[in-house]
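Inside the fold
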Amino acid sequence: MSAHETEARKGAALGAWLRGAWDVVVLEAKQRLRSRGWYIMLAVWFVVIGLVTWLTWASWNAQRELNRAISSPDGVVTDLPPESAGPGSMIFEVVLAFVLFLALIVAPALSANAVNGDRAQGTLAVVQATLLSPGQILAGKLAAAWLAALAFLAAAAPFLVIGVALGGMSPATIAVSLLMLAVELAVVCSIGVGVSALAGRPLFSIVVTYLIVALLVVGTLIAFGFGAALARGTIRANNPSYLENIPTRPQAQIVDPGYTCSGPLTQREVVRTERVAWFLAMNPYVVVADAIPYPDRSRDTSPYPQGAIESVSQGARAALAGPDATYPCVNGQPKPSYFVQTTPLWPLGLGLQLVLAGGLFAAARSRLVTPARRLSKGTRVA
Amino acid sequence: MSDQPVPADDDRDEGKDDGAGPAETGAAPERGVPQAGIEVRGVARSFGPVHAVVDMDFDAPPGQVTALVGPNGAGKTTLLLMLASLLAPDAGSLRIDGFDPLSDRAEVRRRVGWMPDTLGVWESLTAREILVQIGRFYRLPSSAAASRAAELLDLVHLGELADQPARVLSRGQQQRLSLARALIHRPTTLLLDEPAAGLDPASRVELRRLLRSLAAEGTTILVSSHVLSELDEVADSAVFVSAGRTVKHQRVDDSSRGRRYALYALDLGAARARLAELGVVFGEEQGRRPWLSMVLGTEDDAARLLRDLVSGGVPVTAFAPASGALEEAYLQMGVERR
C-alpha cells in the first residue's frame with residue numbers, strides 16, 4: 001500500500017518534472033520557429049539533398065547506359081543480375097552518408113549556443129530564478145535542439161525512401177537507419193548543449209562542438225590507425241595453400257575460403273586490432289552502418305559484403321574480432337573469407353558516445369546549479 | 001531569527017483573488033510563515049580576488065519598501081542575486097520569510113520576484129507570451145498564467161503592445177515588462193535592481209504608486225537605486241551600503257540628526273532680521289538666487305518657524321528641505337566609490 005503510494009508520488013514528481021522541461025522546449029521552439037534563418041537552412045538542406053539524390057540517380061543511369069552499350073551493341077537488352085536491379089541501394093547509401101554528414105554539421109549549429117546564448121542575452125538567470133531545476137532547463141534545451149534537428153531529418157527522409165522504393169531494400173533498413181540517424185543527432189545535440197553551458201561564449205562552444213564531431217568522424221579513424229601501429233602482438237599460424245581457381249568450374253563449387261592450412265605452426269607478428277577497435281566503434285558512420293541489418297552472405301555465391309554500408313560494418317566487426325578470428329590459418333584453422341560476426345559493434349560505439357555526451361551534460365548541469373558557489377572566470381550570473 | 005510562527009497576512013491573499021481563478025494556489029504563500037520579510041546576517045561573497053560583499057547585515061520588514069542605496073560597485077546587485085537564490089553566500093545567512101535560499105530553494109523562489117538590472121528579453125516572443133511562459137515556469141496552470149499575464153500587462157500599461165514581439169519595445173517598456181515578469185507568481189518579496197532606470201517621469205510615478213500599493217498589501221520590497229530623490233518618495237527606510245558593507249540603516253522620516261532647510265524670500269534682509277530675532281542660526285547660500293539655510297530638528301520646528309516668519313511679515317516664496325533625506329544621509333556618509 002505504502003509502496004504503491006511512493007510509486008504514485010514518484011510518478012507525479014516525474015510528470016511535474018517533464019512538464020517543466022516541456023515548458024522550456026515550448027519557449028525554445030517558439031523562438032526557433034520565428035527565426036527566418038532556420039527555414040532558410042531547412043530549405044537549403046532539402047535542395048542540396050535533393051540534388052545529391054538526383055545526381056546519384058543520373059550517374060547510375062548513365063553508367064547503366066554505358067554498360068548496355070558495351071554488353072549489347074545491337075540493342076538487345078539482357079536482364080541485369082538481381083543485386084543491381086535498381087539504383088535503390090546505391091542512392092540509399094550515398095544519400096544516407098550525405099545526410100549523416102550534413103546532420104553532423106547542422107546539429108552543433110542548432111545546439112551549441114543553447115545555454116551561453118541565453119546567458120549573453122540576459123535571459124538565462126531569469127529562467128534559473130524560477131522553479132525550474134538545472135536538469136529541466138538543460139533537458140528542455142536538448143529536446144528543443146533535437147526536435148529542430150529531427151525536422152532536418154524529416155526533410156531528408158523522402159530521399160531515403162526513394163532509395164528504398166527504387167531498389168529491393170527492406171523497410172526495416174530505412175526504419176533502422178532513420179532511427180540511428182536520430183540517435184546520432186541526439187548525441188551531437190547533447191554534446192553541443194553540454195559544451196554551451198561549459199564555455200563562456202557561443203562562438204567558442206560552437207567551434208569546440210565541431211571539433212568534437214570532427215574527432216568522432218575523422219579523429220577516430222586516425223586514432224585507430226595509429227593505435228593499430230602500436231598494438232602489435234603475436235599469434236601462431238601455419239601456411240595457407242590456395243586451391244587452384246579453375247575458370248571453367250562454377251563458382252559455387254569452390255569451397256569457402258578456398259584454401260587449406262598445412263605446415264608447422266610458427267609465431268607471426270600481427271596487429272591486435274581488437275585492442276583499438278573501440279576507436280572505430282565511436283565513429284558515427286560505423287555506428288549507423290553497423291546497426292543497419294543485412295543478411296549473412298557466407299552461403300552466397302560470392303561471399304562478400306554488398307555495398308558500402310555492409311563493408312563498413314564487416315570491416316569494423318573484423319577489426320573488433322582481431323587476428324584470432326580473421327588471420328588465415330591461425331592455429332592451423334582456415335578462416336572463412338566472409339566473416340560471420342553476429343555480435344554487433346554499434347552498442348559499444350554508441351555506449352562510448354553516450355558516456356562522452358553524458359559526461360559533458362553532467363558537467364553542464366553542475367554549472368547551472370543555483371545558488372552558485374563558484375562562477376567561471378569572467379561570467380556574470382546576470 | 002525566531003522560530004515562532006507568526007500568522008500569515010490573510011488580507012494579502014484575499015486581496016489578490018481577482019481574476020486568476022482557483023488555479024493560483026501553486027504560487028500562493030502558505031499559512032504559518034515563521035518570520036516574514038528579508039533577513040540578512042553577516043553576509044559575504046567574493047569573486048576570486050574581488051570582495052563584492054564583505055559584511056552586510058539588515059532586515060527588510062514586510063509591508064515596507066526598503067531602499068538599498070550605495071555607489072556603483074558597493075555590492076548591491078550581488079546581494080540581490082544572493083537573495084534571489086542565484087548566488088550562494090561565502091559566509092553569513094539569508095532568510096526570506098524564514099526560508100534559507102541554500103536549503104529551501106523552491107520555497108524561496110515561490111516567494112521572491114526578482115527584477116534584474118540587465119534586461120533579458122526573448123526578442124521574438126511577445127510580451128504576453130513571455131509572461132505566460134514565465135508563469136508556467138512557476139508552475140501556474142496555463143489558464144491562470146494567461147489571466148495573470150493579462151492582468152499584469154494592464155497594470156504596467158503594456159496592454160496595447162502585448163502581442164507585439166518584445167524587440168519592438170523601448171527600454172522603458174522592457175523595464176515595465178521586466179517588472180510584470182517579477183510579479184507573475186504573486187511573490188511576497190520583491191527584489192528590484194534599479195527599477196526606475198530608463199523610465200519616463202509618468203512611468204516613475206506609476207512605479208512609485210505600484211510599489212506603495214504592493215507594500216500596503218504586505219509585500220516586502222527591496223529596491224536598489226541611485227536615484228535618491230525617487231527613493232525619498234517611495235521608501236520607508238534605507239540601507240546604505242559601501243564597499244560591500246552595510247554602513248547605515250535609517251528610516252526616511254528619521255529626523256534625529258535634523259534636516260537642512262532652504263528659505264527663499266522676496267526680501268532676504270527682512271528674513272535675516274526675523275531669523276536673528278527668533279534666535280535661529282542660519283547660513284548664506286549662493287545659488288541661481290541667493291537663499292538662507294538652517295538646520296531644523298523636527299518637522300514641527302519647521303512648521304513653527306514658517307508660521308513665525310510669515311506672521312512676522314517676511315515675504316517667503318519657498319521654504320522646504322534643502323535636499324532629499326536620503327541624499328543628505330548619503331552625502332553625510334562619505335561613501336567610497338569603486
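Residues numbered from 1 in each chain as written. Chains lettered and ligands numbered in written order. Predicted model: local features only at pLDDT ≥ 70, side-chain atom pairs only at ≥ 80, totals over all residues. Heavy atoms only, no water.

**A look at unusual backbone geometry**
Where we set the bar: Helix and strand labels come from DSSP, where a helix needs a run of H or I of at least four residues and a strand needs a run of E of at least two; each type is numbered from the N terminus.
Residue Pro 371 of chain A is reached from Thr 370 of chain A by a cis peptide bond, and omega for that bond is -5°. Within the element layout of this structure, Pro 371 of chain A appears in the segment after helix 13 (346-368). Phi angles above zero are rare outside glycine, and Glu 194 of chain B is one such case at about 50°. Relative to the elements of secondary structure, Glu 194 of chain B occurs in the loop between strand 6 (189-193) and helix 7 (201-216). Phi angles above zero are rare outside glycine, and Ala 243 of chain B is one such case at about 50°.

**Thoughts on the confidence of the model for chain A**
The condition is simple: pLDDT expresses how confident the predictor is about each individual residue, on a scale running from 0 to 100. Contact criterion: two residues are considered in contact whenever any of their non-hydrogen atoms come within 4.5 Å of each other.
Scored by pLDDT, chain A has a mean of 85; 87% of the residues are at 70 or more. Here residues 79-85 of chain A is modelled with pLDDT under 50, and outside its nearest four sequence neighbours on either side it reaches 3 contacts, counting other chains as well.

**Some details on the side chain of Ser 225 of chain B**
Residue and element names in this part refer to chain B. Condition: Under the scheme applied here, a residue whose accessible area is under 20% of the maximum for its type counts as buried, over 50% as exposed, and between as partly exposed, the area being computed with a 1.4 Å probe on protein chains only.
Assignment of secondary structure puts Ser 225 in strand 7 (residues 220-225). Residue class for Ser 225 comes out buried when judged on its relative accessible area of 3%. Aside from chain neighbours lying at most four places away, what touches Ser 225 is Leu 68, Val 69, Glu 194 and Leu 231.

**Here we look at the packing of helix 10 (residues 284-291) of chain A against helix 11 (residues 307-321) of chain A**
All names here are of chain A. Operational definition: Between the N-to-C directions of two axes lies an angle of 0 to 180 degrees, each axis being a line fitted to C-alpha atoms and, for a helix, fitted only over the stretch in contact. Convention used here: angles under 35 degrees read as roughly parallel, angles over 145 as roughly antiparallel, angles from 65 to 115 as roughly perpendicular, and any remaining angle as oblique. Residues are sorted three ways: Asp, Glu, Lys and Arg are charged, Ala, Val, Leu, Ile, Met, Phe, Trp, Tyr, Cys and Pro are nonpolar, and all the rest, Gly among them, are polar.
The geometry of helix 10 relative to helix 11 is characterised by a closest axis approach of 8 Å and an angle of 105° between their N-to-C directions. In terms of their interaxial angle, helix 10 and helix 11 are classed as roughly perpendicular. Along the contact surface, helix 10 presents Val 286, Ala 289 and Asp 290, while helix 11 presents Ile 309, Val 312, Ser 313, Ala 316 and Arg 317. For the contact of helix 10 with helix 11, the residue count by class is 5 nonpolar, 1 polar and 2 charged.

**Some words on the interface of chain B and chain A**
Selection criterion: Once two parts are brought into contact, the accessible area they lose, counted with a 1.4 Å probe and summed over both, makes up the buried area. Salt bridge criterion: a side-chain nitrogen from Lys or Arg within 4 Å of a carboxyl oxygen from Asp or Glu. Pairing of N or O atoms within 3.5 Å defines a polar contact, subject to two protein rules: one partner must be a possible hydrogen donor and the other a possible acceptor, and residues neighboring in sequence count only if both atoms are side-chain atoms.
Residue-level contacts link 35 residues of chain B with 28 residues of chain A. Together, the buried faces of chain B and chain A total about 3,000 Å²; carbon and sulfur atoms form 60% of this surface. Viewed at the interface, chain A and chain B are joined by 3 salt bridges. Arg 136 of chain B serves as the salt-bridge partner of Asp 23 of chain A, at 3.3 Å between the closest nitrogen and oxygen. At the boundary of chain B with chain A, the tally comes to 15 residue pairs in polar contact (both at pLDDT 80 or more). Sorting elements by how many residues they give to the side of chain B that touches chain A places helix 4 (residues 127-137) of chain B first, with 5 residues. Its residues assigned to classes, the side of chain B that touches chain A comprises 18 nonpolar, 7 polar and 10 charged.

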